[in-house]
Amino acid sequence: AKPYVFVTRKISEESVELLKNSFEVKVWEEDRVVPREILLEEAKKADGLLIMLTDKIDSELINQAENLKAISTMAVGYDNIDLQSATEKGIIVTNTPGVLSEATADLTFGLLMTTARRISEANRYVLEGKWTKWSPMLMAGQDIYGATIGIIGMGRIGEAVAKRATGFDMKILYHNRNRRPEVEKKLNAEYRSLDELLKESDFIVLLTPLTPETTNLIGKREFELMKSSAVFINVSRGATVDEEALYDALINKKIWAAGLDVFRQEPVPIDHPLLQLENVVAIPHIGSASIKTRKNMAIMAVNNLIDALIKKESPNIVNIEVLE
Ligand code: GLV
Ligand code: GLV
């Protein structure tokens, strides 16, 4: 029999067809996250899973998944997968880096501009019928051109954001686990310690993957180091930020505004304190959501799964130790 593959959300027809060439395929067709019981049941039968960032692949699931050989996530981040358990069970895990870097950088820059120039708030103002007069300081925001941007997490996406920032004549600072001399040279970026970056930047852009080291990376102490005019942008994962500390920083004017694509709880509940603030721009985890990029990610996730199940190889394995 052909290997059995379960896909946790509807992806492009083209990519499902590609899977069907090699496997018996079942796609979860409903427009909601697969219920836990069904995911557990499917994982027990499946040779391969093609999953989304909303699926929780923990040790309980992995330990019951007797046939499972590969997990392909249609995302660059894989903090939703217990990588250690997967590796112990010999399960290959793959992600989709690269294809989404430019689209995510576009969104990041758009969120930065929307937050700095209060575009979303201004749009609400017009739609709510509040535009009854004009005044010189109406919806006045922060300058982007010539400002200092501090990028935390200088991976492919960070680099693509820095490239956009050069078009705005921004001074580019970055913090990363490893220094990136080639990026420093190419984009005129300067390395800073985290604290230095927080103190000097007008825009602080968080792009780091979520790991034990980056959980709660930005909290009370970090917000206190920022300028009172600082704009904070998070496009990584919600858990990298202490949301209560962010709320306090915004309410007490320790920072100026925040643009958030990610939250600790997603979907973020409508009564979340951060959503009550005028100077917060909230969007629903859509960093890489361009039509073309989502199609490319689906194709890449499919090819990763085919490679992993058939060749026991793939250029996008995140737990490379599994092959040893
Ligand atoms: C989105 O957040 C991703 O990790 O691809
Ligand atoms: C994503 O591709 C990153 O490395 O930032």
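What counts and what doesn't
Residues numbered from 1 in each chain as written. Chains lettered and ligands numbered in written order. Predicted model: local features only at pLDDT ≥ 70, side-chain atom pairs only at ≥ 80, totals over all residues. Near = placed C-beta within 6 Å. Nonpolar A, V, L, I, M, F, W, Y, C, P; charged D, E, K, R; others polar. Helix = DSSP H or I, 4+ residues; strand = E, 2+ residues; numbered from the N terminus. Domains from an automatic or database assignment. UniProt positions renumbered as here; feature names shortened; annotations may be inferred. Buried ≥ 20, exposed ≤ 12 C-beta atoms within 10 Å, placed from the backbone. Arc of directions from axis to C-beta. Contact = placed C-beta atoms within 7 Å. Pairing = 2+ DSSP bridges. Axes fitted to C-alpha atoms, helices over the stretch in contact; angles between N-to-C directions.

**Things to note about the site of ligand 1**
- Taken together, L53, A75, V76, G77, L100, G287 and S288 make up all the residues around ligand 1.
- Among the residues forming the shell around ligand 1, the class breakdown is four nonpolar, three polar and no charged.

**Some thoughts on the site of ligand 2**
- For ligand 2, the full set of nearby residues is V76, P97, G98, S101, G155, R156, I157 and G158.
- For the shell around ligand 2, the element with the most residues is helix 7 (residues 156–166), which contributes three residues.
- When grouped by side-chain class, the residues that make up the shell around ligand 2 number three nonpolar, four polar and one charged.

**Structural notes on the domain arrangement of the chain**
- In terms of domains, the chain is made up of domain 1 (4–97 + 291–323) and domain 2 (101–282).
- A separation of 31 Å is found between the C-alpha centroids of domain 1 and domain 2.
- Across the side of domain 1 that touches domain 2, the residue classes break down as one nonpolar, two polar and one charged.

**Some remarks on the environment of G155**
- With respect to the helices and strands, G155 occurs in the loop between strand 6 (148–152) and helix 7.
- A C-alpha to C-alpha distance of 26 Å links G155 and D58, two positions 97 residues apart in sequence.

**Describing the UniProt feature "domain: D-isomer specific 2-hydroxyacid dehydrogenase catalytic" (unreviewed entry) in the chain**
- As annotated in UniProt, the feature "domain: D-isomer specific 2-hydroxyacid dehydrogenase catalytic" (unreviewed entry) corresponds to residues 5–319 in the numbering used here.
- Strand forms 15% of residues 5–319 and helix 37%; the C-alpha atoms that close the span are 20 Å apart.

**Re unusual backbone geometry**
- Here the amide bond leading from E266 into P267 is cis, since omega sits at -5 degrees, within 30 degrees of zero.
- Looking at the element boundaries, P267 is found in the loop between strand 11 (257–260) and strand 12 (280–282).
- In this structure, D169 is a non-glycine residue whose phi angle is positive, near 50 degrees.
- With respect to the helices and strands, the residue D169 is situated in the loop between helix 7 and strand 7 (171–175).

**Things to note about helix 11 (residues 243–251)**
- Burial in helix 11 covers these residues: E243, L246, A249 and L250. An end-on view of helix 11 places all buried positions within 120 degrees of arc, on one side of the element. Away from the buried face of helix 11 by more than 90 degrees, exposed residues E244 and I251 are located.
- On its buried face, helix 11 is in contact with helix 10 (220–225), strand 11 and strand 12.
- K253 lies just past helix 11 and shows a positive phi near 60 degrees.

**What to know about the sheet that holds strand 6**
- What the seven strands build is an open sheet, ordered 8-7-6-9-10-11-12; its pairing is parallel. Both outer strands of the open sheet, strand 8 (189–191) and strand 12, are each paired with one neighbouring strand and no more. Strand-to-strand, the axes of this sheet are offset by a mean angle of 20 degrees, without reference to chain direction.
- The sheet contact formed by strand 11 and strand 12 spans three bridges and is parallel.

**Section: the UniProt feature "domain: D-isomer specific 2-hydroxyacid dehydrogenase NAD-binding" (unreviewed entry) in the chain**
- The sites that carry the UniProt feature "domain: D-isomer specific 2-hydroxyacid dehydrogenase NAD-binding" (unreviewed entry) are, in the present numbering, residues 109–287.
- Its end C-alpha atoms 10 Å apart, residues 109–287 is made of 32% helix and 16% strand.

**Focus on the sheet that holds strand 5 (residues 92–94)**
- Pairing within the open sheet is parallel, and its five strands lie in the order 2-1-3-4-5. Looking at strand neighbours, the two that pair on one side only are strand 2 (24–27) and strand 5, the edges of this open sheet. With strand direction ignored, the average angle separating the axes of adjacent strands in the sheet is 15 degrees.
- Pairing between strand 1 (residues 4–7) and strand 3 (residues 48–51): three bridges, direction parallel. Bridging from a neighbouring strand, V5 pairs with G48 of strand 3.

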